[in-house]
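# Overview (structure and organization)
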Amino acid sequence: MSSMVKVSIQVLDLNDNPPKFENDTLVFNFPENLPSGSKVGTVYVTDPDIGKNSQVKFKMLEAGEDSKYFFIDDATSNGNTVAIFSRREFDYEVDRRNYQLVLRAESSNLRSDVVVKIKLTDVNDNYPIMKDFDIIFNNRIDEYFSEPIAYVPAEGKYCRVNDLPYN
Ligand SMILES: [Ca+2]
Ligand SMILES: [Ca+2]
Ligand SMILES: [Ca+2]
């Protein structure tokens, strides 16, 4: 005589996957002149474990001096993303243009690091510098000009006479 016994086996998830960043190195462009506290970018990780084993905590390593110019906000972390913010305003013409951070993602005792490169980008925030020049205007008194009436030489590029600041 034989009998059958039903046995159910519950497979338990082990925390055997560290969080994984999209790349070993992430690059963000960040425009100059933005006020302190501006968002530089969002970093994503994946962790294929389940439940608690997939929860990720982020920290910024204080290894380099650049870490003092930026911070991450845990409140913006939803478990697999975290945002980076600036701690100061940057000037492309004055400050260093490249910054580097190291972020760490931890899933319990498993962890991964990523290098984050931040490149300051230029905004057109300086008036053109005028050189010596002569302008000869046509004496067309009855005509209304909707287009620029003349171009003058300036450092780097030409600018519309209509837009020039008066001195
Ligand atoms: Ca995990
Ligand atoms: Ca500037
Ligand atoms: Ca600029």
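Computed from a predicted model, the values in this text were never measured in an experiment.

Helix and strand counts for the protein stand at zero helices and 10 strands. Ordered by position from the N terminus, the helices and strands of the protein form the series β-β-β-β-β-β-β-β-β-β. Burial status across the protein gives 11% buried among its 167 residues. Of the contacts made within the protein by residues no fewer than 6 positions apart, 68% connect residues no fewer than 24 positions apart.

Phe58, Leu103 and Val116 are the most contacted members of the largest nonpolar core, which has 15 residues in total. For this core, the element with the most residues is strand β7 (residues 98-107), which contributes four residues.

Ordered in space as β2-β8-β7-β4, the four strands form an open sheet in which the pairing is mixed. Each having just a single partner strand, β2 (25-31) and β4 (57-61) make up the two edges of the open sheet. Going from strand to strand, the sheet's axes swing by 30 degrees on average, the running direction of each strand aside.

Right, let's get into the environment of lysine 57. Its place among the elements puts lysine 57 in strand β4. Assessed through the 15 C-beta atoms surrounding it within 10 Å, lysine 57 is described here as partly exposed. In the structure, lysine 57 is positioned 24 residues away from threonine 81 in sequence and 9.5 Å away in space, judged by C-alpha atoms.

With that out of the way, let us pick up the confidence of the model for the protein. Per-residue confidence for the protein averages 85 on the pLDDT scale, and 80% of its residues sit at or above 70. The secondary structure element of the protein with the lowest average pLDDT is strand β10 (residues 159-160), at 52, and the one with the highest is β2, at 98.

So, about the sheet that holds strand β1 (residues 20-21). The strand order β1-β3-β6-β5 describes an open sheet built from four strands, whose pairing is antiparallel. In this open sheet, the two strands that pair with only one neighbour each are β1 and β5 (70-72).

About the criteria used
Residues numbered from 1 in each chain as written. Chains lettered and ligands numbered in written order. Predicted model: local features only at pLDDT ≥ 70, side-chain atom pairs only at ≥ 80, totals over all residues. Helix = DSSP H or I, 4+ residues; strand = E, 2+ residues; numbered from the N terminus. Buried ≥ 20, exposed ≤ 12 C-beta atoms within 10 Å, placed from the backbone. Contact = placed C-beta atoms within 7 Å. Core = buried A, V, L, I, M, F, W, Y, C linked by C-beta atoms within 7 Å. Pairing = 2+ DSSP bridges. Axes fitted to C-alpha atoms, helices over the stretch in contact; angles between N-to-C directions. pLDDT = per-residue confidence, 0-100.

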